[in-house]
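Chain and residue survey
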Amino acid sequence: MTRWSVEVDRGVCIGASVCANYAPGHFELADGKSRPLAAVIDPDDAVLDAAETCPVAALAVRDADSGALLAPEE
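A few points on the structure. (Residues numbered from 1 in each chain as written. Predicted model: local features only at pLDDT ≥ 70, side-chain atom pairs only at ≥ 80, totals over all residues. Heavy atoms only, no water.)

On to helix α2 (residues 45-53), then. Among all positions in α2, only Val-47, Ala-50 and Ala-51 are buried. Buried residues of α2 fall within an arc of 95° about the axis and therefore sit on the same side. Tucked inside the fold, the buried residues of α2 contact β1 (4-8), α1 (18-22), β2 (27-30), β4 (40-41), β5 (59-63) and β6 (69-71). For α2, the side-chain oxygen to backbone nitrogen distance between the N-cap and Ala-46 is 2.9 Å, and the N-cap itself is Asp-44. (Buried < 20%, exposed > 50% of the residue type's maximum accessible area, 1.4 Å probe, protein only. Helix = DSSP H or I, 4+ residues; strand = E, 2+ residues; numbered from the N terminus. Arc of directions from axis to C-beta. Contact = heavy atoms within 4.5 Å. Polar contact = N/O pair within 3.5 Å; in protein donor to acceptor, adjacent residues only side chain to side chain.)

Written out as structure tokens, the structure reads:
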């Protein structure tokens with residue numbers, strides 16, 4: 001079964017909370033910055049949408065096995 005890894009670059013994150021709004025079961029704000037609730041998740045299109053919508057591209061969603069970047073699209 002495919003699994004995804006979810007990363008947040010907290011140095012880039014501006015705390016806009018777009019990710020927490022798009023995928024509330026996967027992200028939360030802590031100390032004014034986003035963080036994933038789990039590093040590895042089952043696929044969820046809401047997480048891809050959050051990564052694509054982040055205004056500063058602070059999120060990365062990857063295939064947990066291969067490391068291939070799934071979102072944001074380059």
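Moving on, there is more to tell.
This next bit is on the pairing of β1. Burial within β1 is extensive, with 4 of its 5 residues counted as buried. Direction of pairing for β1 relative to β4: antiparallel, over a ladder of 2 bridges. Residue Trp-4 lies in a different strand from β4, and its bridge partner there is Ile-41. Here 5 bridges tie β1 to β5, and the two strands are oriented antiparallel to one another. Bridging across to β5, Glu-7 finds its partner in Ala-60. (Pairing = 2+ DSSP bridges.)

By the secondary structure assignment, Leu-48 is in helix α2. Once residues within four sequence positions are removed from consideration, Leu-48 is found in contact with Trp-4, Val-61, Leu-70 and Ala-71.

Moving on, we come to the pattern of salt bridges. Where side chains of opposite charge bring their charged atoms close, a pairing between them can arise. Applying the stated criterion across every chain yields a total of 3 salt bridges. Here Arg-3 makes a salt bridge to Asp-42, at a shortest N to O gap of 2.5 Å. Placement of Arg-3 in the segment before β1 and of Asp-42 in the loop between β4 and α2 is noted, with a sequence separation of 39 residues between them. A relative accessible area of 39% places Asp-42 in the partly exposed class. For Arg-62, the salt bridge goes to Glu-7, with nearest N and O atoms at 3.5 Å. (Salt bridge = Lys/Arg side-chain N within 4 Å of Asp/Glu carboxyl O.)

Another aspect to go through is unusual backbone geometry. Backbone torsion omega between Ala-71 and Pro-72 reads 0°, so that peptide bond is classified as cis. Structurally, Pro-72 can be placed in the segment after β6. In this structure, Ser-17 is a non-glycine residue whose phi angle is positive, near 65°.

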